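Listed here are the chains, written in short residue letters.
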Amino acid sequence: APEPRQDRSVSGLLSEIKTTIHTECFNDHYTIIPGKELGRGKFAVVRKCVEKCTGHDYAAKFMRKRRKGQDCRMEIIHEIAVLELATTSPRVVSLHQVYEMASEMVLVLEFAAGGEIFNQCVSDREDGAFTEKDVKRLMKQILEGVAFLHQNNIVHLDLKPQNILLTSSSPLGDIKIVDFGLSRMVCNHQELREIMGTPEYVAPEILNYEPISTATDMWSIGVLAYMMLTGISPFVGEDKQETFLNISQLNVSYTEEELQQLDQAALSFIQTLLRKRPQDRATAQQCLKHPWLQSLDSQEGQTAENQEAYHTASSSNSSPEPPSSITTP
Ligand code: ADP
Ligand code: MG
């Protein structure tokens, strides 16, 4: 299996931001909710906090400026710039404020109370797993957000169930795309090749050090759809090597019991995305027009609020088999 290279170019970074960078003490303006760590990555910790002057909840992403001995302030500025660019999309988390300290920057983000869709991908039917109908509505929202980013020449490059959050989990709310830490600006005339992302979710071209494009995100959306419908991570192996081999050989099963119970259009949707050659994959706009997503009833609105109203109006509504429980780490 191909082993990813370690070099990492920094092209495709935005450097202009409009947001004011506050240098006064973060703790004077926000109360951090103790013990409530919302998430943690390699270089960031996300904590729930309350803005003192308004009482509103936020998620504060504390990011180290130095990583592995390197100054990464430019990358944080890029992340802020992308969030600024996406303020008009309701599918992307909104940025409230930015603080800068000696060794950290804090991104004060809209709080997504429902947490990661990952949790519902891997839960049992009794325990709030998505139904196919849920997945259709949420997938439509994910595609709207990604179409917006792609229209603006941004590729996310880390679309996975941990980076898609929900405004609420029960009742099921709307999605918010987060974590633009690996995102890049793509230009037609500039080639971008980088190695990054989480093994299970990376596209074949990343493993082969081939050019990255908006199609790279579309692969990840195929993986996301598969996981949301089945709870199974389609390419994960016993170790990284096996996972990379599965991806580069397109070793994916379409005969899982969980998939057989679905509308065949769901399978066709996934198959238009999990294609080896980037140019063969459907675009976000094309996906939004895919027959699988057209069968949403006209009464079913796009937002959670409309959805609620619909449910109250018609209670005896049989949904397809929800995904069963899963075993991925
Ligand atoms: P990293 O770059 O370290 O992966 P993320 O931006 O993905 O950082 O945040 C890490 C985790 O923190 C997310 O997977 C999610 O669980 C949680 N998180 C991030 N932003 C928010 C938010 N706005 N609201 C609620 N939880 C969040
Ligand atoms: Mg993340």
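Rules behind the numbers
Residues numbered from 1 in each chain as written. Chains lettered and ligands numbered in written order. Predicted model: local features only at pLDDT ≥ 70, side-chain atom pairs only at ≥ 80, totals over all residues. Heavy atoms only, no water. Buried < 20%, exposed > 50% of the residue type's maximum accessible area, 1.4 Å probe, protein only. Helix = DSSP H or I, 4+ residues; strand = E, 2+ residues; numbered from the N terminus. Pairing = 2+ DSSP bridges. UniProt positions renumbered as here; feature names shortened; annotations may be inferred. Contact = heavy atoms within 4.5 Å. Polar contact = N/O pair within 3.5 Å; in protein donor to acceptor, adjacent residues only side chain to side chain. Near = heavy atom within 4 Å. Areas by Shrake-Rupley, 256 points an atom, 1.4 Å probe, with all protein chains shown as cover. Nonpolar A, V, L, I, M, F, W, Y, C, P; charged D, E, K, R; others polar. Core = buried A, V, L, I, M, F, W, Y, C linked by side-chain atoms within 4.5 Å. Donors = N, O, S within 2.8 Å, 3.2 Å for Na, K, Ca; no water.

> What's the story with the pairing of strand β4 (residues 57–64) in this structure? I'm lost.
Every other side chain in a regular strand lies on the same face of the sheet, so the side chains alternate between the two faces. Across the eight residues that make up β4, a large majority, six, are buried. In this structure, strand β3 (residues 44–51) lies alongside β4, joined through seven bridges in antiparallel fashion. Bridging across to β4, Arg 47 finds its partner in Ala 60. Once β3 ends, the chain turns through five residues before running back antiparallel as β4, passing Gly 55 with a positive phi of about 80°. As judged from the seven bridges shared by β4 and strand β8 (residues 104–110), these two strands associate in the antiparallel manner. Its bridge partner lying in β8, Ala 59 is registered against Leu 109.

> Would you mind going over the UniProt feature "binding site: ATP" (unreviewed entry) in the protein with me for this structure?
On the UniProt side, "binding site: ATP" (unreviewed entry) is annotated at positions that read Lys 61 here. When its relative accessible area of 10% is taken as the criterion, Lys 61 is described as buried. If we ignore the near neighbours within four places in the chain, the residues touching Lys 61 are Ala 44, Val 45, Val 46, Glu 79, Met 105, Val 106, Leu 107, Leu 109 and Asp 179. Looking at Lys 61, its side chain comes within polar contact range of the side chain of Glu 79, at 2.8 Å.

> How should the site of ligand 1 be read in this particular structure?
Taken together, the neighbourhood of ligand 1 is formed by 17 residues, with Lys 61, Glu 110, Glu 116, Gln 162 and Asp 179 sitting nearest. Between ligand 1 and Gly 41 there is a distance of 3.4 Å, counted from an oxygen atom to a backbone nitrogen or oxygen. Take Gln 162: an N or O atom from its main chain is 2.7 Å from an oxygen atom of ligand 1. For ligand 1, whose unbound accessible area comes to 550 Å², protein coverage reaches 88%. Of the residues in the shell around ligand 1, the class split is nine nonpolar, four polar and four charged.

> Is there a simple way to think about the nonpolar core in this case?
In a soluble, globular protein the nonpolar side chains are often hidden away together inside. Counting residues in each nonpolar core, the largest one holds 83 residues, and the members touching the most others are Met 139, Leu 143, Ile 221, Met 228, Phe 269, Ile 270 and Trp 292. Element by element, the count of residues in this core is highest for helix α6 (residues 214–230), at 10 residues. Not counting chain neighbours up to four residues away, the residues in contact with Leu 143 comprise Met 218, Ile 221, Phe 269, Ala 284, Cys 287, Leu 288 and Leu 293. Within the second largest apolar cluster, nine residues are counted, among which are Tyr 30, Cys 49, Phe 62 and Val 108.

> Help me understand the coordination of the magnesium ion (ligand 2) in this model?
Coordination of the magnesium ion (ligand 2) by the protein comes from Asn 163 (OD1) and Asp 179 (OD), over a distance range of 2.1 to 2.3 Å. Taken together, the residues Asn 163 in the loop between β10 (154–155) and β11 (164–166) and Asp 179 in the loop between β12 (175–177) and β13 (184–185) connect sequence positions 16 residues apart. In this structure Asn 163 comes out as buried when scored by relative accessible area, which is 6%. With a relative accessible area of 24%, Asp 179 lands in the partly exposed category.

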